[in-house]
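Spelled out, the chains give:
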Amino acid sequence: MGSVNINRAVGQLNRTTPTEDAVVCMVMSGVAVAGKIALGEHKQIFSTDALVDLGITLANNPLAFQDIKDFYANAGNGAELNIMLVSDATSITDICDNSLQIGKKLLEAVDGRGVIFVVNVKKPAGYVATITSGLDNDVNNAVTKLQQMAVAYSAENNPFVGILPALGFSTAGIAALPLRTTFANDYVALNTHCNKADGVVSMGLLAGWLANCQVHQNIARVRFGKMSDTAFMPDGTAAKTLKNQWETILSKGLIAPIKISGKSGFFYNDDPCLTTIASDYSSISWNRTINKAHRIAFVSLVEKLNDDVNVDPTTGKIESSLASDWESDVENAIREQMAIAGANKKAEISGVKCTIDPNSDIVNDKVEATIDIVRKGQAKTINVRIGYVVSI
């Protein structure tokens, strides 16, 4: 007999499997919704259904509403987003101040799992920015504070990368922006992309784009496709009119939207952090990669904290077999989670090696180790020679 065979389609709803690689924490200006969400309250969400659950609408919280929608349009339902609303009178500097319970409160609420920290604000009516070096001085001060916060969290083995909106940016002020070679904020990035000519930076879109990337992948990877059909700068300037300034904007260390010949829509220019390009951590992707390796290594090594360490009685040094075991434990943990490709996952690093110093001062209970990571490269420049030949 003939038959009718019907198979279930899968992957149609753009759902994602939650991953610790992309736990996003986002602080946004807004207003409380009675009985749903208070200012300064942490809420963990996993889809746009949360907008209804929390009573967040385009009318009462336009910034949060749009950012959350943009986030899940890119990250897909199932991605973890931790949000907190603050009043529009709250400065970005205060949000990023590690001594204040604002941004820090949100990071603490997720027990150090936040690997991407994002801030977005819409300044209150009547706000007049003080422009210093081409940006709102609140942003400049916040960059310093966020770098300090990130360094402190990294020291606690909870590293993250932070992204802020480049408020105060103007076409006329591009020349006043310092070159990224003058900075050393390798945990911090600034975003200029706005979906509309309203001065609101599209931070939710960028956060969702990052959440959908593996840690080693550059947000500017063309194969991902366009990130938006529209693009403006914070001063309302259409991004496409700044074509002759795109290289200059990148040299200032700013994430910006660009057009690519032969492609529709807009793409990110790169994923720069506010530090010199000579830095090992000059991009978001390189930060996320080393941050993931850092966290994995910590989980592996903390199991050995205060453990017994065998000592070679003839040398007084760490027994070589024990050192070898520790090295293998770290290498295997990082390799399994970062260097092995799967059906839907690319390898995130090219290699790893852990070395336990055989001359560690174990008599004084200290073990010294080095972890070397060989990262993957990124084809940022492709040089081609094209021309005629007589025959091939």
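Here the structure is shown first, and the text comes after it.
These numbers were taken from a predicted model, which means no experiment stands behind them. (Residues numbered from 1 in each chain as written. Predicted model: local features only at pLDDT ≥ 70, side-chain atom pairs only at ≥ 80, totals over all residues. Heavy atoms only, no water.)

Student: Explanation requested: the pairing of strand 7 (residues 161–165) in the structure shown.
Tutor: As a general feature of sheets, a regular strand has side chains that alternate between the two faces. Where burial is concerned, most of strand 7 is hidden: five out of the five residues are buried. Residues Val 161, Ile 163 and Pro 165 point to one face of strand 7 and Gly 162 and Leu 164 to the other, with burial holding for every one of them. For strand 4 (residues 116–120) and strand 7, the ladder comprises three bridges, and the chain directions are parallel. Counterpart to Phe 117 in the pairing with strand 7 is Gly 162. Bridge count between strand 7 and strand 9 (residues 188–191): four bridges; the pairing is parallel. Each residue of the ladder has a partner; that of Gly 162, found in strand 9, is Val 188. (Buried < 20%, exposed > 50% of the residue type's maximum accessible area, 1.4 Å probe, protein only. Helix = DSSP H or I, 4+ residues; strand = E, 2+ residues; numbered from the N terminus. Pairing = 2+ DSSP bridges.)

Student: Could you clarify how one ought to interpret the environment of Phe 298 in this entry?
Tutor: Position of Phe 298 relative to the elements: it lies in helix 8 (residues 284–302). Classification of Phe 298 as partly exposed rests on a relative accessible area of 34%. Sequence separation of Phe 298 and Ile 131 is 167 residues, and the distance between their C-alpha atoms is 41 Å.

Student: What's the story with the side chain of Asn 82 in this structure? I'm lost.
Tutor: Inspection of the secondary structure assignment puts Asn 82 in strand 3 (residues 81–86). Among the polar contacts made by the side chain of Asn 82, one reaches the side chain of Glu 80 at a distance of 3.0 Å. The residues touching Asn 82, leaving out its near neighbours within four places in the chain, are Val 23, Val 24, Cys 25, Met 26, His 42, Lys 43, Gln 44, Leu 106 and Val 110. (Polar contact = N/O pair within 3.5 Å; in protein donor to acceptor, adjacent residues only side chain to side chain. Contact = heavy atoms within 4.5 Å.)

Student: Quick question: what am I supposed to make of the sheet that holds strand 2 (residues 43–45) here?
Tutor: Within a sheet, adjacent strands bond to each other through the backbone by hydrogen bonds, running parallel or antiparallel. The strand order across the open sheet formed by seven strands is 2-3-1-4-7-9-10, and the pairing between neighbours is mixed. Unpaired on one side and paired on the other, strand 2 and strand 10 (254–255) mark the two borders of the sheet. With respect to the sheet, helix 2 (residues 62–75) is in contact with strand 1 (24–29), strand 2, strand 3 and strand 4, its orientation differing from that of strand 1 by roughly 155 degrees. Together, strand 4, strand 7, strand 9 and strand 10 form the strand contacts of helix 8, whose direction differs from that of strand 7 by roughly 150 degrees. (Axes fitted to C-alpha atoms, helices over the stretch in contact; angles between N-to-C directions.)

Student: How should the pattern of salt bridges be read in this particular structure?
Tutor: Counting across every chain of the model gives 10 salt bridges. Arg 335 is the partner of Glu 331 in a salt bridge, and the nearest nitrogen-oxygen pair spans 4.0 Å. Of this pair, Glu 331 and Arg 335 both sit in helix 9 (residues 320–339), separated by four residues, roughly a single helical turn. Judged by relative accessible area, Glu 331 falls into the buried class, the value being 14%. Within this structure, Asp 21, Lys 292 and Glu 348 form a network of salt bridges that share partners. (Salt bridge = Lys/Arg side-chain N within 4 Å of Asp/Glu carboxyl O.)

Student: Sorry, what's going on with the nonpolar core here?
Tutor: In globular proteins that are soluble, nonpolar side chains generally tend to be buried together. Phe 117 and Leu 164 are the most contacted members of the largest nonpolar core, which has 89 residues in total. Once you skip the residues sitting within four places of it in the chain, Leu 164 turns out to touch Ile 92, Cys 96, Val 119, Val 139, Ala 142, Val 143, Leu 146, Val 188, Ala 189, Leu 190, Asn 191 and Met 203. One finds Ala 297, Ile 318, Leu 322 and Val 330 within the second-largest nonpolar core, a separate group that totals 17 residues. (Core = buried A, V, L, I, M, F, W, Y, C linked by side-chain atoms within 4.5 Å.)

Student: Looking at this structure, how should I read the packing of helix 8 against helix 9?
Tutor: Any two packed helices are characterised by how steeply their axes cross, that is the angle between the axes, and by the distance between the axes. Viewed as axis vectors pointing N to C, helix 8 and helix 9 meet at an angle of 135 degrees, and their least axial separation amounts to 9 Å. Our classification of the angle between helix 8 and helix 9 gives oblique. In the packing of helix 8 onto helix 9, the handedness of the crossing is right-handed. On helix 9, the residues touching Thr 289, Lys 292, Ala 293, Ile 296, Ala 297, Ser 300 and Leu 301 of helix 8 are Asp 329, Val 330, Ala 333, Ile 334, Gln 337 and Met 338. Taken together, the residues of the contact of helix 8 with helix 9 break down into eight nonpolar, three polar and two charged. (Parallel < 35°, antiparallel > 145°, perpendicular 65-115°, else oblique. Left-handed = near helix turned anticlockwise from the far one by under 90°. Nonpolar A, V, L, I, M, F, W, Y, C, P; charged D, E, K, R; others polar.)

Student: Would you take a moment to explain the packing of helix 2 against helix 6 (residues 203–211) for this structure?
Tutor: Where helix 2 contacts helix 6, the two axes come as close as 7 Å, and the packing angle between them is 25 degrees. It follows that helix 2 is roughly parallel to helix 6 by the angle criterion. The chirality of how helix 2 crosses helix 6 is right-handed. Residue-level contacts link Asp 67, Asp 70, Phe 71, Asn 74 and Ala 75 of helix 2 to Met 203, Gly 204, Leu 205, Ala 207, Gly 208, Trp 209 and Ala 211 of helix 6. For the contact of helix 2 with helix 6, the residue count by class is seven nonpolar, three polar and two charged.

Student: Where do I start with the pairing of strand 4 in this structure?
Tutor: Strand 4 sits mainly inside the fold: five of its five residues count as buried. Of the two faces of strand 4, the one holding Ile 116, Val 118 and Asn 120 and the one holding Phe 117 and Val 119 are both buried throughout.

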